[in-house]
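# Summary of the model geometry
Here is how the chains run, residue by residue.
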Amino acid sequence: MNDPVTIGGVTVKPGTKKAMELPIAKLVTGSPMSMPVVVLNGRRPGPSMWLTAAIHGDEINGTEIVRQVLETLSPKDLFGTLFAVPVVNVYGFTAGDRYLPDRRDLNRSFPGSQRGSLARRIAHLLMSEVVNRCQYGIDLHTASDHRTNLPQIRANLDHVETLELATVFGAPVMMHSSHRDGSLRQVASDAGATVLLYEGGEAWRFDPHATRVGVDGVLRVMTHVGMLDKEEHQPEPSAMSRSSKWVRAGQSGILSLRVDPGDRVARGQVIGQIHNALGVRLSSPKAPIDGVVIGSTLSPVVNRGDAILHVASIAESNGVD
Ligand SMILES: [Zn+2]
């Protein structure tokens with residue numbers, strides 16, 4: 001039998017599920033603000049994992065992934081414990097904003113502190129109540145700034161177990177990244193957890209494809225680490241990348257892109273055209289490298305220098321074409 005879990009003063013018995021609110025602070029009007037957490041405590045012992053969404057408050061697709069994952073799970077069938085936090089940045093989420101009210105980026109504020117800025121206090125609350133209890137974690141994001149991302153894992157692919165879980169997740173692309181930036185992923189990894197960051201879709205919107213890839217990926221990882229007793233289905237092949245380049249607009253104007261996320265492009269290939277309002281062609285941006293389109297702008301109105309297309313170079317050795 002698994003052990004009971006106590007979080008925020010609430011005890012969750014083995015084989016049960018509980019939803020709770022962890023108090024953060026009061027709004028300026030005096031209303032309490034809290035972080036919603038759902039704990040599924042499996043009947044039998046096993047690993048513990050966190051699932052977080054909307055650390056960037058406008059990246060709401062992960063909130064839907066968490067909901068759909070929870071819908072499929074029963075604590076009676078679960079080994080170990082799942083801590084699901086569908087909305088980490090509740091301030092940004094309610095305002096449709098990436099940041100906190102003081103413009104701080106919550107995902108640059110980890111591990112946080114009890115007495116720092118609001119961002120650091122929220123980071124500290126998440127670390128102490130959820131993240132520090134877990135061996136595994138998956139943090140769910142989307143693109144920002146009127147862009148969309150092909151579903152992709154970003155993780156330290158030089159770490160053997162991280163690479164294994166990224167492969168099992170089965171997003172179309174996995175990007176190596178080892179940034180030291182005060183993010184949840186960095187701080188939890190440094191503390192010894194195996195962490196994946198999932199990116200897919202755009203801010204403020206649900207993306208059905210990114211949702212499906214995310215839900216399937218989370219459930220496959222949970223099965224692989226032994227939290228679910230299911231048959232392991234072979235994931236879709238995930239192309240590994242260790243570098244990427246942005247294409248920037250060479251001229252200000254109106255952009256029409258010819259390629260979509262997921263498309264293969266060759267170096268020098270024309271990926272779209274920029275015209276002025278009178279229909280005169282100003283430039284034909286080209287792919288800077290051979291690779292796969294992993295992100296693109298959704299805004300046709302571009303200024304010179306704007307990032308319009310993100311191309312990942314694919315490592316040829318992993319047998320994916
Ligand atoms: Zn994000």
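Residues numbered from 1 in each chain as written. Predicted model: local features only at pLDDT ≥ 70, side-chain atom pairs only at ≥ 80, totals over all residues.

What follows is about the overall build of the chain. Looking only at helices and strands, one finds six helices and 18 strands in the chain. In terms of C-alpha radius of gyration, the chain reaches 21 Å, essentially the compact-globule figure of 20 Å for 321 residues. Its C-alpha atoms put the chain at 70 × 50 × 30 Å along the principal axes. Looking at the chain residue by residue over its 321 residues, the buried ones come to 47%. In the chain, of all internal contacts separated by at least 6 residues, the share reaching a separation of at least 24 is 65%. (Helix = DSSP H or I, 4+ residues; strand = E, 2+ residues; numbered from the N terminus. Rg over C-alpha atoms; globule rule 2.2 N^0.38 Å. Buried ≥ 20, exposed ≤ 12 C-beta atoms within 10 Å, placed from the backbone. Contact = placed C-beta atoms within 7 Å.)

Attention now moves to the domain arrangement of the chain. Here the chain is partitioned into domain 1 (5–224) and domain 2 (241–318). Put simply, the middle of domain 1 and the middle of domain 2, counted by C-alpha atoms, are 30 Å apart. Taken residue by residue, the interface counts 12 residues in domain 1 and 14 residues in domain 2. The set of elements that each furnish at least two residues to the side of domain 1 that touches domain 2 consists of β8 (147–155) and β9 (173–176). No other element matches β8, which puts five residues into the side of domain 1 that touches domain 2. For the side of domain 1 that touches domain 2, the per-class residue count stands at five nonpolar, five polar and two charged. (Domains from an automatic or database assignment. Nonpolar A, V, L, I, M, F, W, Y, C, P; charged D, E, K, R; others polar.)

Attention now goes to the pairing of strand β14 (residues 272–275). Burial along β14 is one-sided: the face carrying G272 and I274 is buried and the face carrying Q273 and H275 is not. Of the pairings in the sheet, the one linking strand β12 (residues 253–257) to β14 comprises four bridges and is antiparallel in character. Each bridged residue has a counterpart across the sheet, and for S256 the counterpart in β14 is Q273. Direction of pairing for β14 relative to strand β15 (residues 281–283): antiparallel, over a ladder of two bridges. Directly across from I274, in β15, lies its bridge partner S283. Linkage of β14 to β15, two consecutive antiparallel strands, is achieved through a turn of five residues, within which G279 is found at a positive phi near 90°. (Pairing = 2+ DSSP bridges.)

Spatial ordering of the open sheet is given by β15-β14-β12-β17, a layout of four strands whose pairing is antiparallel. What marks the edges here is a single partner per strand, and that holds for β15 and β17 (301–302).

On to the environment of P261, then. Considering the arrangement of structural elements, one finds P261 in the loop between β12 and β13 (264–265). Considered as a pair, P261 and L309 are 48 residues apart in the sequence and their alpha carbons are 8.8 Å apart. Dropping the residues within four chain positions of it, P261 is found in contact with T148, N149, L150, V293, I294, G295 and S296.

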